Amino acid sequence: MKQQIRRILALALVVLALAAIFAPVAAPYGYEEMDLTNMLSGPSLEHLFGTDELGRDVFSRIIYGGRYSLSIGLAATAFGAVVGCAIGAITGYFGGTLDTVLMRFLDILEAIPGLLLTICVSAVLGSGFDKTILALAITSIPQYVRLLRAQVFSVRDEEYLEAAESISCSKFRIITRYVLPNSLSPVIVKATMSVAQTILTAASLSYVGLGVQPPTPEWGAMLSAGRAYIRSYPHLIMFPGIFIMITVLGLNLFGDGLRDALDPKLKK
């Protein structure tokens, strides 16, 4: 049953990603195109998911919104993972004073609740698509530093590293060629599942006015715009919420399956 759910959600994610990539073809209307004769209308054949307060097609805006929500999730996760892995590899391999100082600094950062820290960073940087990505990436870096640092600790005394050092390999080559490839499996799983969490956090920032701003059709921004009409026109928040739920659930199950595939203990 679980495998069937995974397949269905995986197919839904693929369809959603393709629709977002080819949004100008898949969407029946432009995301800013207004139909002033059909403002706040419910789902119909003309507008599958209804229209918003400005007469814009909700279905089209959700398809275009997939571009922004998925891009934010992927870009922020990738940036945070790359920077975090670079720092984690260096501190884990060399250790010493640098490792001690950096870990204490990360202890201070991680003492602050994740969402609160993201809100603070976003408030400092300001709102907008690129600034939202940067805020989410900055707050995710400590997780990857700790994860990769722990993995490097487990491999840095292996014989193949001693062999590499014995033939005078540079530290850079040892880290990039031998340490990182043998330490990345947990990071890949973590990053996959973090995309879903990042999309949720981005939606939360947009909902409180710190993320992507209207008229950009990001899913969280659509929820924020529709909350004033929640009683009279629930379709304005129902459809963006459903797409957020499907995306997050699908990515989490995909990450769970990837963990099963990459973990030798789970294979047994």
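Residues numbered from 1 in each chain as written. Predicted model: local features only at pLDDT ≥ 70, side-chain atom pairs only at ≥ 80, totals over all residues. Heavy atoms only, no water.

Enquirer: I'd love a proper account of the pattern of salt bridges, names of residues and values included.
Expert: Once their charged atoms are close, side chains differing in charge can pair, the charge on each being opposite to the other. In this structure the tally under the stated criterion is 7 salt bridges. Asp99 is the partner of Arg149 in a salt bridge, and the nearest nitrogen-oxygen pair spans 2.6 Å. Note that Arg149 is positioned in helix α6 (residues 129-155) and Asp99 in helix α4 (residues 96-110), a separation of 50 residues in sequence. Note on Asp99: relative accessible area 8%, which makes it buried. (Salt bridge = Lys/Arg side-chain N within 4 Å of Asp/Glu carboxyl O. Helix = DSSP H or I, 4+ residues; strand = E, 2+ residues; numbered from the N terminus. Buried < 20%, exposed > 50% of the residue type's maximum accessible area, 1.4 Å probe, protein only.)

Enquirer: Tell me about unusual backbone geometry, and please be specific about residues and values.
Expert: Phi angles above zero are rare outside glycine, and Leu40 is one such case at about 55°. Mapped onto the elements of the fold, Leu40 is located in the loop between α2 (23-26) and α3 (58-94).

Enquirer: Account for helix α8 (residues 171-179), with residues named and values stated.
Expert: Taken as a whole, α8 has its buried residues at Ile174, Ile175 and Val179. Across the axial projection of α8, the buried residues extend over an arc of 95°, all falling on one side. (Arc of directions from axis to C-beta.)

Enquirer: Describe the packing of α3 against helix α9 (residues 185-207), naming the residues involved and giving the relevant values.
Expert: Contact geometry for α3 and α9: axes closest at 8 Å, N-to-C directions at 135°. In terms of their interaxial angle, α3 and α9 are classed as oblique. Of the two possible hands of crossing, α3 and α9 adopt the one that is right-handed. Along its contact with α3, which presents Ser69, Leu70, Ile72, Gly73, Leu74, Ala76, Thr77 and Cys85, the element α9 presents Val187, Ala191, Ser194, Val195, Thr198, Ile199 and Ala202. The residue makeup of the contact of α3 with α9, split by class, is 10 nonpolar, 5 polar and no charged. (Axes fitted to C-alpha atoms, helices over the stretch in contact; angles between N-to-C directions. Parallel < 35°, antiparallel > 145°, perpendicular 65-115°, else oblique. Left-handed = near helix turned anticlockwise from the far one by under 90°. Contact = heavy atoms within 4.5 Å. Nonpolar A, V, L, I, M, F, W, Y, C, P; charged D, E, K, R; others polar.)

Enquirer: Tell me about a nonpolar patch on the surface, and please be specific about residues and values.
Expert: On the surface, Val14, Leu18, Ile21, Phe22 and Val25 cluster together into a nonpolar patch covering about 510 Å² of accessible area. For the nonpolar patch, the element with the highest residue contribution is helix α1 (residues 2-21), accounting for 3 residues. Tracing the backbone through its elements, the reader meets Val25 in helix α2. On the accessibility criterion, Val25 (72% relative accessible area) is exposed. (Patch = residues over 30% accessible without salt bridge, like charges linked within 9 Å, V, L, I, M, F, W, Y side chains within 5 Å. Areas by Shrake-Rupley, 256 points an atom, 1.4 Å probe, with all protein chains shown as cover.)

Enquirer: Describe the nonpolar core, and please don't skip the residues or the numbers.
Expert: As a rule of thumb, soluble globular proteins bury nonpolar side chains together. Grouped together as the largest cluster of nonpolar side chains are 26 residues, with contacts concentrated most on Phe49, Ile62 and Trp219. Leaving out residues up to four positions away in the same chain, Trp219 has contacts with Leu16, Ile62, Gly65, Gly66, Ser69, Pro240, Phe243, Ile244 and Thr247. Counting residues in each nonpolar core, the second largest holds 17 residues, with Ala89, Leu148, Ala164 and Ala191 among its members. (Core = buried A, V, L, I, M, F, W, Y, C linked by side-chain atoms within 4.5 Å.)

Enquirer: Can you tell me about a negative patch on the surface, naming the residues and giving the values?
Expert: A cluster of acidic side chains, namely Asp157, Glu158, Glu159, Glu162 and Glu165, defines a negative patch on the protein surface. With respect to the element layout, Glu165 can be found in helix α7 (residues 159-166). Residue classification places Glu165 among the partly exposed residues on the basis of a relative accessible area of 37%. (Lys, Arg positive; Asp, Glu negative; His and termini not counted. Charge placed at Lys NZ, Arg CZ, Asp CG, Glu CD.)

Enquirer: Account for α3, with residues named and values stated.
Expert: Counted at 1.5 Å a residue, the expected span for α3 with its 37 residues is 54 Å, and the 53 Å between its end C-alpha atoms agrees. Of all the bends in α3, the greatest measures close to 30° and is centred on Gly65. Looking at the residues trailing α3, positive phi occurs at Gly95, about 65°. (Expected span 1.5 Å × (residues − 1). Bend = angle between axes of the 7 residues up to and from the residue.)

Enquirer: Please set out the confidence of the model for the protein residue by residue, giving values where relevant.
Expert: Scored by pLDDT, the protein has a mean of 84; 97% of the residues are at 70 or more. Taken element by element, the protein is modelled with least confidence in helix α12 (residues 264-267), mean pLDDT 51, and with most confidence in α3, mean pLDDT 90. (pLDDT = per-residue confidence, 0-100.)

Enquirer: Can you lay out the environment of Val179 for me, pointing to particular residues and giving the numbers?
Expert: Structurally, the position occupied by Val179 is in helix α8. Val179 gets classed as buried once you look at its relative accessible area, which sits at 0%. Here the alpha-carbon distance between Val179 and Gly126, two residues 53 residues apart in the chain, equals 37 Å.

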